[in-house]
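Here's the letter readout for the chains.
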Amino acid sequence: MKKIIFPLFIFIVLPFISCSNSNNDSKMIVPSVEPSYTVTINSSEGTTVMNVDATSKNVTKSTFTDTETGFVTRKEYIYDSKNELRAINVNDDSEGLYSIKFGSLEENSSRSAIPQQEDIPKYVRSIKKTYNKEHSRSIYDEEERLEYYYDENGKLGGIFRIDGKNNVIYKGAKNDE
Amino acid sequence: MMNKKLFSIFTALLLSSSLFAIDGIMRDSLFCISSNVIDFSDDAIRENVIDGRSVTFSPLDLKVGDIFIDTNGHAKKVTNITINGKNISIDTVTPMAYEVFDVINIPDQSGNISDLIEEQIEQTPDLEEITGSRAQNNDLLNTLMPVSKCKVNINPTIKIPVGKVPPVPTDENFAALLQNQIDLSNNPEVQDEEKKIAKENISKIRQQYATLTKQHGVTINPIIRYQANVEGKDYTNFGFQYIKIHIDRHGTWKFWKWTSWTEDGKGWLSIRNDSALGFGLKLGYYGQAKFSYPIVRTPGVIGPYIGVFFNVIASANASVYGEMYIRKCLTSNAQVTFNALMQKKSSNFDTQEWSPSLQQVGLIVAGNVKAGPAIRAGINAFGMDLLSLEGSGGISIDGNIGGCYTWKDIDLSHKPDNFSTDIYDKVTGGWAFIGDLSLNLYLSADFYALNNCFSQNIASLKYPLLRVNGPTLSKGFSYNSFADVFKY
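Criteria and cut-off values
- Residues numbered from 1 in each chain as written.
- Chains lettered and ligands numbered in written order.
- Predicted model: local features only at pLDDT ≥ 70, side-chain atom pairs only at ≥ 80, totals over all residues.
- Heavy atoms only, no water.
- Phe/Tyr/Trp six-rings, centres within 6.5 Å; stacked < 30°, edge-to-face > 60°.
- Helix = DSSP H or I, 4+ residues; strand = E, 2+ residues; numbered from the N terminus.
- Buried < 20%, exposed > 50% of the residue type's maximum accessible area, 1.4 Å probe, protein only.
- Lys NZ or Arg CZ within 6 Å of the ring centre and 35° of its normal.
- Core = buried A, V, L, I, M, F, W, Y, C linked by side-chain atoms within 4.5 Å.
- Contact = heavy atoms within 4.5 Å.
- Pairing = 2+ DSSP bridges.
- Salt bridge = Lys/Arg side-chain N within 4 Å of Asp/Glu carboxyl O.
- Polar contact = N/O pair within 3.5 Å; in protein donor to acceptor, adjacent residues only side chain to side chain.
- Patch = residues over 30% accessible without salt bridge, like charges linked within 9 Å, V, L, I, M, F, W, Y side chains within 5 Å.
- Areas by Shrake-Rupley, 256 points an atom, 1.4 Å probe, with all protein chains shown as cover.

*Asks:* Please clarify how the packing of aromatic side chains should be interpreted in this entry.
*Replies:* For the coordinates displayed, the defined rule picks out 5 aromatic pairs over all chains. Considering the side-chain rings of Phe160 of chain A and Tyr170 of chain A, the 5.0 Å spacing of their centres and the 45° angle between planes classify their relative orientation as tilted. Of this pair, Phe160 of chain A sits in strand E10 (residues 156–162) while Tyr170 of chain A sits in strand E11 (residues 168–172), and the two are 10 residues apart along the sequence. There is no split in this pair, since Phe160 of chain A and Tyr170 of chain A are both buried. Here the aromatic rings of Phe31 of chain B and Phe101 of chain B are separated by 5.9 Å at their centres, their planes lie at 50°, and the arrangement is tilted. Residue Phe31 of chain B is found in strand E1 (residues 30–33), and its partner Phe101 of chain B is found in strand E8 (residues 101–111); the two are separated by 70 residues along the sequence. For Phe101 of chain B, a relative accessible area of 22% puts it in the partly exposed group. Members of the aromatic cluster, each reached through a chain of ring pairs, are Tyr149, Phe160 and Tyr170 of chain A. Here Lys86 of chain B stacks its cationic end above the ring of Tyr37 of chain A, 4.4 Å away from the centre of that ring.

Put into structure tokens, the structure is as follows:
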């Protein structure tokens, strides 16, 4: 019996252990291979299917299908090494192709000179949309800007999105804060 | 310490009240999104502000009752979540507006409706590229009426030939020879071999002689014209305001510790549309002579053929027309105020309409001579064209002379206060005569059937090289106001 167990140990168990170890080493280099989540959002207007990375929880792809028209909008989300969203590439059945590029969060140089000014954004982020609409056969750009306002204690008070026509979307702290 | 939110809203209002010119597209508006709304839309604010920090949520963080903005930009409220391994299914409904927004302020927006329409049209090919030059239809009315982006001009011409002389050889010897060979080919007593030779001869003769086609008849030309924004004063005006302040009892019955709340809002919309609609009928009589000389042509008695010809076409027509224009100004105002649950509290709607009209009768005499090469392909049988398609181009000389009489029938009693009467002041009624002469390059495609007994122009394009406007004779209004009449 011992004659059988030893070869088994040599040829089957040892290679298995060594392979397991080598896998552990490779995990240090190769990013997570966990399968992503598929999130399906059902609504009366259509269905959105999002692929969400299991590790970063970032949305990597989304597909929206309009129930009424059957038009499909496919989006691909691109992140940088800091996990910040930098671009969305869109292929829309009705609108054509367009891409949205997000600038990195940059400190506002005009505020750095006067650090206590609350009414000057501390950080800004640019958003640039480039359309290539199939129906209009034209390419045009739109630029927007995100502004991050901080109070004198260094806490974020609110974020503004301002488009080229001075339309403002604001999101801030809760009422009861 | 200044309340963060009030400070931010104050800053936003300052930003939104800047003195930008309002040109019809929404601007200077403010939307304050409730702080707990999670945003997955493309270009909106993806972060939430929590404890003075920026936090970005994932779809995996959604819970029942959460409100979020989907990737298509629509707000949704989670009603149910089903998890099956790595697959998560989320059922949603549309939330109430007050659950999404804290404040909406769309300041008074005014603009010209046609600016919005023209902005869309600018992205499509220019109308003149499609229709060709204004004068292409050899029509004085169209020449005077500038092609506008907000104008529809339906002006088909129906030709009814009264007298038609099929193409005949211009050389009598050829004509006699041709008839002789046709008779020979149809004679039952003639041998088949001779018939075959006769048919070949018909083809050869057809390749050598020039033809002259004459026709005259009646033209019927229904006219429908529409023009939006007649005086460039169409406008739309709208705005929307909504504010939400919560009551929070903080778990106490001591009302002086409560924070009060209210939700209120109003919206308004005003549209002024000034359109003119014209109906008319033009009746005319025309005559045309077409000389066609074959330069080269494929042989064959029966079957398809193709050839290159040189054409000279002379035509003249005289038309009388009558048109009536109805101008309609519609002004609508609507205002609604509402409470917290968007239930309507009050509204009013007001409409004013004013429909004056102009009538016009006129006479147009037009002449046209054009010359140039043509490529013609078709099916022929025994020297006759059954079907053919001809593409031609060259130089044309066009002359028009016309006169019109205009009178107006305008009831000013129901005129809106802000409605201009400038254009009507110019038109006092009266008559005018005008003429022009032009040299053009032309391209044309025509369809013929049954040996040219039926013909139809498929497409034509004219490029003006030279144009001379003759002196204008008028009484009652000037040339400019004459043109204004045609702008309707």
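*Asks:* What is the right way to look at the nonpolar core in this model?
*Replies:* Soluble, globular proteins show a tendency: their nonpolar side chains are buried together. Val39, Ile88 and Ile159 of chain A together with Leu62, Phe68 and Ile90 of chain B are the most contacted members of the largest nonpolar core, which totals 40 residues. Discounting residues that sit within four places of it in the chain, Ile88 of chain A has contacts with Lys75, Glu76, Tyr77, Tyr98, Ser99, Ile100 and Phe102 of chain A together with Asp42 and Arg46 of chain B. Within the second largest apolar cluster, 8 residues are counted, among which are Tyr149, Phe160 and Tyr170 of chain A together with Cys32 of chain B.

*Asks:* Would you explain the pairing of E10 of chain A in this entry?
*Replies:* Regular strands show a simple pattern: their side chains alternate between the two faces of the sheet. All names here are of chain A. Counting buried residues in E10 gives 7 out of 7 residues, a clear majority hidden from the surface. The pairing of E10 with E11 spans 5 bridges and is classified as antiparallel. For Arg161, the partnering residue across the bridge sits in E11 and is Ile169. Hairpin remark: E10 followed by E11, antiparallel, with 5 residues in the connecting loop; positive phi at Asn166, about 65°.

*Asks:* Got a minute to help me understand the pattern of salt bridges in this structure?
*Replies:* Where charged atoms of side chains with opposite charge meet at close range, the side chains can pair. All names here are of chain A. Scanning the model with the defined rule gives 16 salt bridges over all chains in all. Arg125 is the partner of Glu84 in a salt bridge, and the nearest nitrogen-oxygen pair spans 3.1 Å. Taken together, the residues Glu84 in the loop between strand E4 (72–79) and strand E5 (85–92) and Arg125 in strand E8 (residues 123–133) connect sequence positions 41 residues apart. Judged by relative accessible area, Glu84 falls into the partly exposed class, the value being 24%.

*Asks:* Explain the side chain of Glu147 of chain A here, please?
*Replies:* Residue and element names in this part refer to chain A. By secondary structure assignment, the location of Glu147 is in strand E9 (residues 138–150). Reaching out from Glu147, the side chain makes a polar contact with the side chain of Arg145 at a distance of 2.7 Å. Those residues in contact with Glu147 that sit more than four places away from it in its chain are Pro121, Tyr123, Val124, Gly158, Ile159, Phe160 and Ile162.

*Asks:* Looking at this structure, I do not really get a nonpolar patch on the surface. What am I missing?
*Replies:* All names here are of chain B. Together, Val369, Ile395, Ile397, Leu437, Leu441, Tyr463, Leu465, Leu466 and Val468 make up a nonpolar patch on the protein surface, roughly 850 Å² of accessible area in all. If you list the elements that add at least two residues to the nonpolar patch, you get strand E17 (384–409), strand E18 (430–449) and strand E19 (454–469). The leading source of residues in the nonpolar patch is E19, at 4 residues. Looking at where Val468 falls in the secondary structure, it is placed in strand E19.

*Asks:* Mind showing me how you'd approach the pairing of E4 of chain A here?
*Replies:* Residues and elements named next belong to chain A. When strand E3 (residues 59–66) meets E4, the two strands line up antiparallel, connected through 5 bridges. Its bridge partner being in E4, Thr65 is matched across the sheet by Val72. Linkage of E3 to E4, two consecutive antiparallel strands, is achieved through a turn of 5 residues, within which Gly70 is found at a positive phi near 80°. Relative to E5, E4 runs antiparallel, the two being bridged by 7 bridges. Its bridge partner being in E5, Arg74 is matched across the sheet by Asn91. Following E4, the chain reverses through 5 residues before pairing antiparallel with E5; Asn83 in that reversal takes a positive phi of roughly 75°.

*Asks:* What is the right way to look at the environment of Leu85 of chain A in this model?
*Replies:* Relative to the helices and strands, Leu85 of chain A resides in strand E5. The buried category is assigned to Leu85 of chain A, whose relative accessible area is 11%. Along the backbone, Leu85 of chain A and Thr60 of chain A are 25 residues apart, and their C-alpha atoms lie at a distance of 9.9 Å. Leu85 of chain A has contacts with Tyr77, Ile78, Tyr79 and Phe102 of chain A together with Arg46 of chain B, leaving out every residue within four places of it along the chain.

*Asks:* Would you mind going over the environment of Gly322 of chain B with me for this structure?
*Replies:* Residues and elements named next belong to chain B. Checked against the element boundaries, Gly322 lands in strand E14 (residues 302–338). Judged by its relative accessible area of 29%, Gly322 falls in the partly exposed class. Between the C-alpha atoms of Gly322 and Thr406, which are 84 residues apart in sequence, the distance is 9.8 Å. Residues contacting Gly322, with those up to four places away along its chain left out, are Phe279, Gly280, Leu281, Gln360 and Val361.

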